[in-house]
Amino acid sequence: MTEIAPLAERAAWFTADRFGLFVHWGVYAAAARHEWVRSRERITEEAYQPYFDHFDPDLYDPQRWAEDAWNAGMRYFVITTKHHDGFCLFDSELTDYNAPNTPYGKDLLRPMVEAFRARGFKVGFYYSLIDWHHPEFPVDLYHPQRDDAGYIAATEGRDVTKYADYLHGQVRELLTNYGRVDLIWFDFSYSGRGFNAKGAPEWRSAELIALCRELQPHILVNNRLELGVGPDPETGDFTTPEQVQPPGHENEFAGSAVPWEACQTLNGSWGYDRDNLDWKSPGMLVRMLLDTVSKGGNMLLNVGPTGRGEFDPRARESLAGVGEWMRLHEPAIRGAGRSAHVPPADCRYTQRGNRLYLHILSWPMKHLHLSGLAGKVAYARFLYDHSEVKRVEYDPKNPFHNHLKGLPEGTLTLSLPMAAPAVEVPVVELILKD
């Protein structure tokens, strides 16, 4: 049996990096109406085929993708090797429904892995457990033809065990042919949800996770195989709240102390959605990131490239905005996490060793009161320019401190400028005494 290192050891890079890039890309980019377009619009196989027949991302430049992501402050990436429509970005020997058989004519995954790995990223593969293209995938509640009684009758003999063989074979290809893979992101199990719903028995999840551990013993596996999550190698390694900001520490909901990762979109769609205007501002994205890290989690932020293989200009602008904040405030995110200290209202704390970072979400007038930190801070400064932030500790003998009366004992007061620094979220670095 392959020896698997403890979860904390395997996940050390993950909980240090904190910020990653998710990429949803496939022939659905040509439709430009969300990656679930085939299911949402009940598109038949024949009507969907033109997206495959004309998929030619002639402007694809994975080095530029990697540079944009690196400059945004991201340090790992997860790419949809195959999404629910069954199209594969990689050169699979198990299907012709892949990138080399499109007009582009080449494996799209390998140059991406090479470009990101060369830039310093950890490599993650998303793989859909669902496959609407495969001839043995039984119609279910999510299938595009779920409302077509004739189609359902004609395909009732489909054998999910044969599909599972295919699924396992492709995972073997991905974890054998592309070098070290640091993370695998399966999506998703849905047993008990309705018509022909599928879960761990259909995917043969226990066998599948054992295959991943055998081929890449260091790998991290997400929680969507319906095997639970925790330190046991037979379970998933981290949880994946989607399109939400957990109100507290996600581990409290998972039931065990495991890593977690909030996956988020730039505009509500994972795949390229040309007419979607629900773009989050860089300021909102920064707040989501620091909020996640303050609760001990990671943020995986998604970009859906166009059919020509480029990041939408709006996506690049968003990444650049986050990157400018990260350039000045990286120490408060990378390698940082939860703090035992309780922040004031409209603030968050992250902590890295003896460095406590105060993220100020709403700028106060002149003073900010920090509970329990009196006498514990050696120095305070803004992180963006390392300029000092004056500290005030209440002295009842000082007549100028009358305005500080009534504060709880042990409170440290920061004296702030009237105008906030010109950054998305100002951060004060508090260097704690030994």
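In what follows, the accompanying structure is described. Because the structure is predicted, anything quoted here is derived from the model rather than measured. (Residues numbered from 1 in each chain as written. Predicted model: local features only at pLDDT ≥ 70, side-chain atom pairs only at ≥ 80, totals over all residues. Heavy atoms only, no water.)

### With respect to unusual backbone geometry
Phase 1: Residue Phe 188 follows Asp 187 across a cis peptide bond; omega there is -10 degrees.
Phase 2: As for its placement among the helices and strands, Phe 188 is situated in the loop between strand E4 (183-187) and helix H10 (200-203).
Phase 3: With phi around 85 degrees, His 34 is a residue other than glycine that occupies positive phi space.
Phase 4: As for its position among the elements, His 34 is in the loop between helix H3 (28-31) and helix H4 (37-40).
Phase 5: The phi angle at Arg 42 is positive, at roughly 55 degrees, despite the residue not being glycine.
Phase 6: With respect to the helices and strands, the residue Arg 42 is situated in the loop between H4 and helix H5 (45-53). (Helix = DSSP H or I, 4+ residues; strand = E, 2+ residues; numbered from the N terminus.)

### Side note on empty space enclosed by the protein
Phase 1: Scanning all chains against the criterion turns up one cavity of 30 Å³ or more.
Phase 2: Size it by volume and the largest cavity reaches roughly 110 Å³.
Phase 3: As for the largest cavity, its lining consists of 13 residues, of which Asn 267, Gly 271, Tyr 272, Trp 279 and Gly 304 are closest to the centre.
Phase 4: Here the residues of the lining of the largest cavity sort into six nonpolar, five polar and two charged. (1 Å grid on protein atoms, 1.4 Å probe; cavity = no way out; pocket = protein on both sides within 12 Å on 5 of 7 lines; lining within 4 Å. Points joined across faces, edges and corners; volume = space filled by probe spheres on them. Nonpolar A, V, L, I, M, F, W, Y, C, P; charged D, E, K, R; others polar.)

### Considering helix H11 (residues 205-215)
Phase 1: Inspection of H11 places Ser 205, Leu 208, Ile 209, Leu 211, Cys 212 and Arg 213 among the buried residues, and these make up the whole buried set.
Phase 2: Where H11 is buried, its residues meet helix H1 (7-10), helix H9 (160-177), E4, H10 and strand E5 (220-221). (Buried < 20%, exposed > 50% of the residue type's maximum accessible area, 1.4 Å probe, protein only. Contact = heavy atoms within 4.5 Å.)

### Description of helix H7 (residues 109-119)
Phase 1: Every buried residue belonging to H7 is among Leu 109, Met 112, Val 113, Ala 115 and Phe 116, and all of these are buried. End-on view of H7: buried residues confined to an arc of 165 degrees, all on one side of the axis.
Phase 2: Looking at the buried side of H7, the elements it contacts are strand E1 (19-23), helix H6 (62-71), strand E2 (76-82), strand E3 (122-128) and H9.
Phase 3: Of the residues trailing H7, Gly 120 is marked for its positive phi of about 115 degrees. (Arc of directions from axis to C-beta.)

### Thoughts on the sheet that holds strand E11 (residues 377-382)
Phase 1: Ordered in space as E8-E9-E14-E11, the four strands form an open sheet in which the pairing is antiparallel. Each having just a single partner strand, strand E8 (347-352) and E11 make up the two edges of the open sheet. Here the average twist between neighbouring strands, direction ignored, is 20 degrees.
Phase 2: Strands E8 and strand E9 (355-360) of the sheet are contacted by helix H13 (residues 282-294), whose axis makes an angle of about 60 degrees with E8. (Pairing = 2+ DSSP bridges. Axes fitted to C-alpha atoms, helices over the stretch in contact; angles between N-to-C directions.)

### Remarks on the environment of Ala 11
Phase 1: Position of Ala 11 among the secondary structure elements: in the loop between H1 and helix H2 (12-17).
Phase 2: With 278 residues separating them in the primary sequence, Ala 11 and Leu 289 have C-alpha atoms 19 Å apart.
Phase 3: In contact with Ala 11, other than residues within four places in its own chain, are Leu 220 and Pro 259.

### Regarding the packing of aromatic side chains
Here a ring pair, both rings aromatic, is described through the centre-centre distance and the interplanar angle of the planes.
Phase 1: Going through the model one piece at a time under the given rule, you end up with 34 aromatic pairs.
Phase 2: With a centroid separation of 5.5 Å and an interplanar angle of 55 degrees, the aromatic rings of Phe 14 and Tyr 76 are classed as tilted. Of this pair, Phe 14 sits in helix H2 while Tyr 76 sits in strand E2, and the two are 62 residues apart along the sequence. Both residues of the pair, Phe 14 and Tyr 76, belong to the buried class.
Phase 3: An aromatic cluster of at least three residues, connected via ring pairs, comprises Trp 25, Phe 52, Phe 55, Tyr 60, Trp 65, Phe 87, Tyr 97, Tyr 104 and Phe 311.
Phase 4: Here the basic side chain of Arg 38 rests over the ring of Tyr 48, its NZ or CZ set 5.8 Å away from the ring centre.
Phase 5: One residue, Arg 110, lies across the ring of Tyr 178, its end atom 4.4 Å from the ring centre. (Phe/Tyr/Trp six-rings, centres within 6.5 Å; stacked < 30°, edge-to-face > 60°. Lys NZ or Arg CZ within 6 Å of the ring centre and 35° of its normal.)

### Section: the side chain of Gln 264
Phase 1: Following the sequence through the fold, Gln 264 ends up in strand E6 (residues 261-264).
Phase 2: Assessed through its relative accessible area of 2%, Gln 264 is described here as buried.
Phase 3: Among the polar contacts listed, one links the side chain of Gln 264 to the side chain of Gln 245, at a separation of 2.8 Å.
Phase 4: Among residues more than four places away in sequence, those in contact with Gln 264 are Gln 243, Val 244, Gln 245, Trp 270, Met 288, Met 299, Leu 300, Leu 301 and Asn 302. (Polar contact = N/O pair within 3.5 Å; in protein donor to acceptor, adjacent residues only side chain to side chain.)

### Comments concerning the environment of Glu 317
Phase 1: Mapping Glu 317 onto the fold places it in helix H14 (residues 313-329).
Phase 2: Separated by 307 residues in sequence, Glu 317 and Arg 10 have C-alpha atoms that sit 33 Å apart.

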